[in-house]
Amino acid sequence: MKTPERPAKPARRAMTLAEVRTFITQLAAANPDARSELDFVDDYTLLVAVVLSAQATDASVNRATVGLFRDAPTPKAMVELGEEKVGEHIRTIGLWRTKAHNVVSLSRQLLERFDGRVPYDRAALESLPGVGRKTANVVMNVAFGDSTMAVDTHIFRIGNRTGLAPGASVRAVEDQLVRRIPADMLRPAHHWLILHGRYVCKARRPECWRCPAFDPCQYRLKADIRAGAPAD
């Protein structure tokens, strides 16, 4: 997951709560099986993958973790592998030296403090090296089924551009999303929004002509962009 951008050009207005439900419902209908695109096999490999995904694409992390998780699928194995060899596996992703240090350190702390298990506790997760609020939210959502909202660059952009959850900061957008998205839709909405931002509501040029949630969206330029859609 990449670092959030500056807010996109403001929407005409914030969506109403009815429009929010319609927007999320339409995203869900277009992508009913949405899930994380990071490769992992359990809570531990999920945690490591999310830590590695900071300021990197999921695809680049997946390429790096094929060998890493083969050699170190557990906290004990990761500590034994050590920072240098972990670094050899992840050199292709950004900030790999810092991330190698964090992955080994958090693995050691899991062994020393949590019997080698990923804790189901936000404060405990955020106390681990390399784990901030966004990473903790992903783990709480994907591994433990909590209705948390991890705001990455895509969700931050969508919240502001569409009027779904306007906010000047990541936390402001997160809080708005948690308040405004219906409770029964909040947990899977994390995935629907990330994938919508990754493949449709893109940063440089949103592809409004193929947006499944065009009508409730309050983006100022959506009609002009749809009118200028590329020919098939």
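Our subject is the structure that appears above.
Participant: Account for the overall build of the protein chain, naming residues and giving values.
Facilitator: Counting its secondary structure elements, the protein chain contains 11 helices and 0 strands. Reading the helices (α) and strands (β) of the protein chain from amino to carboxyl end gives α-α-α-α-α-α-α-α-α-α-α. Taken over the C-alpha trace, the protein chain has a radius of gyration of 19 Å; the compact-globule value for 232 residues is 17 Å, and the two agree within 12%. In terms of its C-alpha atoms, the protein chain occupies a principal-axis envelope of roughly 55 × 35 × 30 Å. Buried positions account for 52% of the 232 residues belonging to the protein chain. For the protein chain, the share of sequence-separated contacts (at least 6 apart) that also reach a separation of at least 24 residues comes to 63%. As presented, the protein chain carries roughly 11000 Å² of accessible surface, and 51% of it is formed by carbon and sulfur atoms. Seen as two clouds, the 34 positive and the 26 negative side-chain charges of the protein chain have centres 7 Å apart.

Participant: Outline helix α3 (residues 58-71), supporting the account with residue identities and numerical values.
Facilitator: Residues spaced three or four apart along an α-helix face the same direction, because each turn holds 3.6 residues. For α3, built from 14 residues, the straight-helix expectation of 20 Å at 1.5 Å per residue is met to within 8% by its first-to-last C-alpha distance of 20 Å. Its maximal kink placed at Thr65, α3 deviates by approximately 40°. Where α3 is concerned, the buried positions are Asp58, Ser60, Val61, Asn62, Ala64, Thr65, Gly67, Leu68 and Phe69. Those residues of α3 that are buried lie in contact with α2 (43-52), α4 (75-90) and α10 (183-199).

Procedures and definitions
Residues numbered from 1 in each chain as written. Predicted model: local features only at pLDDT ≥ 70, side-chain atom pairs only at ≥ 80, totals over all residues. Heavy atoms only, no water. Helix = DSSP H or I, 4+ residues; strand = E, 2+ residues; numbered from the N terminus. Rg over C-alpha atoms; globule rule 2.2 N^0.38 Å. Buried < 20%, exposed > 50% of the residue type's maximum accessible area, 1.4 Å probe, protein only. Contact = heavy atoms within 4.5 Å. Areas by Shrake-Rupley, 256 points an atom, 1.4 Å probe, with all protein chains shown as cover. Lys, Arg positive; Asp, Glu negative; His and termini not counted. Charge placed at Lys NZ, Arg CZ, Asp CG, Glu CD. Expected span 1.5 Å × (residues − 1). Bend = angle between axes of the 7 residues up to and from the residue.

Take it as geometry only, folks, not as evidence of what the structure does.
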